[in-house]
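For reference, the chains in residue letters:
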Amino acid sequence: MIRRHALSAVFTTVALFAMGSPALAEDRGSKDEAMQMVNAAFDHMKKAGDTKALDDFTKDKATWVKKDLYVFVFDTKGTFIAHGANDKLVGRDMSNMKDANGKAIFPAMKEVVAKGTGWVDYDWAHPQTKKVEGKSSYVRQTPDGKGLIGVGIYR
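Definitions and limits used
- Residues numbered from 1 in each chain as written.
- Predicted model: local features only at pLDDT ≥ 70, side-chain atom pairs only at ≥ 80, totals over all residues.
- Heavy atoms only, no water.
- Core = buried A, V, L, I, M, F, W, Y, C linked by side-chain atoms within 4.5 Å.
- Buried < 20%, exposed > 50% of the residue type's maximum accessible area, 1.4 Å probe, protein only.
- Helix = DSSP H or I, 4+ residues; strand = E, 2+ residues; numbered from the N terminus.
- Contact = heavy atoms within 4.5 Å.
- 1 Å grid on protein atoms, 1.4 Å probe; cavity = no way out; pocket = protein on both sides within 12 Å on 5 of 7 lines; lining within 4 Å.
- Points joined across faces, edges and corners; volume = space filled by probe spheres on them.
- Nonpolar A, V, L, I, M, F, W, Y, C, P; charged D, E, K, R; others polar.
- Salt bridge = Lys/Arg side-chain N within 4 Å of Asp/Glu carboxyl O.

Ranked by internal contacts, the top residues of the largest apolar core, which has 19 residues, are F72, F74, M109, W124, V139 and L148. Of all the elements in the fold, those that place two or more residues in this core are β2 (69-75), α5 (105-115), β4 (118-125) and β6 (147-154). Counting residues per element, this core draws most heavily on α5, at six residues. When residues no more than four places from it in sequence are discounted, the contact partners of L148 are F72, V73, F74, F106, M109, K110, V113, V139, R140, Q141 and T142. Counting 18 residues, the second largest nonpolar core, distinct from the first, contains M37, F42, A53 and I153.

Okay, empty space enclosed by the protein next. Going through the model one piece at a time under the given rule, you end up with one cavity of 30 Å³ or more. Estimated volume of the largest cavity: approximately 60 Å³. What lines the largest cavity is Y70, F72, F74, F80, H83, M97, I105, M109, Y122, W124 and K135. Of all the secondary-structure elements, those providing two or more residues to the lining of the largest cavity are β2, β3 (80-83), α5 and β4. When residues in the lining of the largest cavity are grouped by element, the largest group, three residues, is from β2. Split into classes, the residues belonging to the lining of the largest cavity amount to nine nonpolar, one polar and one charged.

As a further point, take the environment of M45. Residue position: M45 is located in helix α2 (residues 31-48). Along the sequence, M45 and D56 sit eleven residues apart, while their C-alpha atoms lie 9.8 Å from each other. If sequence neighbours within four positions are ignored, M45 has contacts with D50, A53, L54, F57, T142, P143 and I149.

It is worth spelling out the pattern of salt bridges at this point. Using the criterion set out here, one finds five salt bridges in the structure. Here R28 makes a salt bridge to E133, at a shortest N to O gap of 2.9 Å. Here E133 lies in strand β5 (residues 132-141) and R28 lies in the loop between α1 (2-26) and α2, a separation of 105 residues in the sequence. With relative accessibility at 29%, the residue R28 sits in the partly exposed group. Residue K59 pairs with D55 through a salt bridge whose shortest N-O separation is 2.9 Å. Placement of both K59 and D55 in helix α3 (residues 50-59) is noted, with a separation of four residues, approximately one turn of the helix. Overall, the relative accessible area of 59% leaves K59 in the exposed class. The class of D55 is partly exposed, set by a relative accessible area of 34%.

And the structure:
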């Protein structure tokens, strides 16, 4: 009887894990979702103005944080002026920040934005797991050209 119960518990655990795996995948944002968020953030800045929009991106989690996606905005010097995952980063100069492999992140983003829009790959701590993971951020200029908007996906 004990063996049957233990075996049943193992099967139940395996079944729950198997059912939970798709849910974990759904907690990750896609490239399309990241691009849509950046474009929505761009439109929101045009409509609401910089002050309101930047405040919204940092504080309005219901609108500007989806799954593990969040909006961040840098000024032209590399200072965060909005950050949906960590409001303590707002106001911090990140112009010299490097990822775990020594890649300078902000200059790479600035280079992409100078040509239009695009993706920048780097490693970054996941806000939910706190583990450093591969990340790709889609970036574009702010409507006034005085900064860049980004949303990243964890690969």
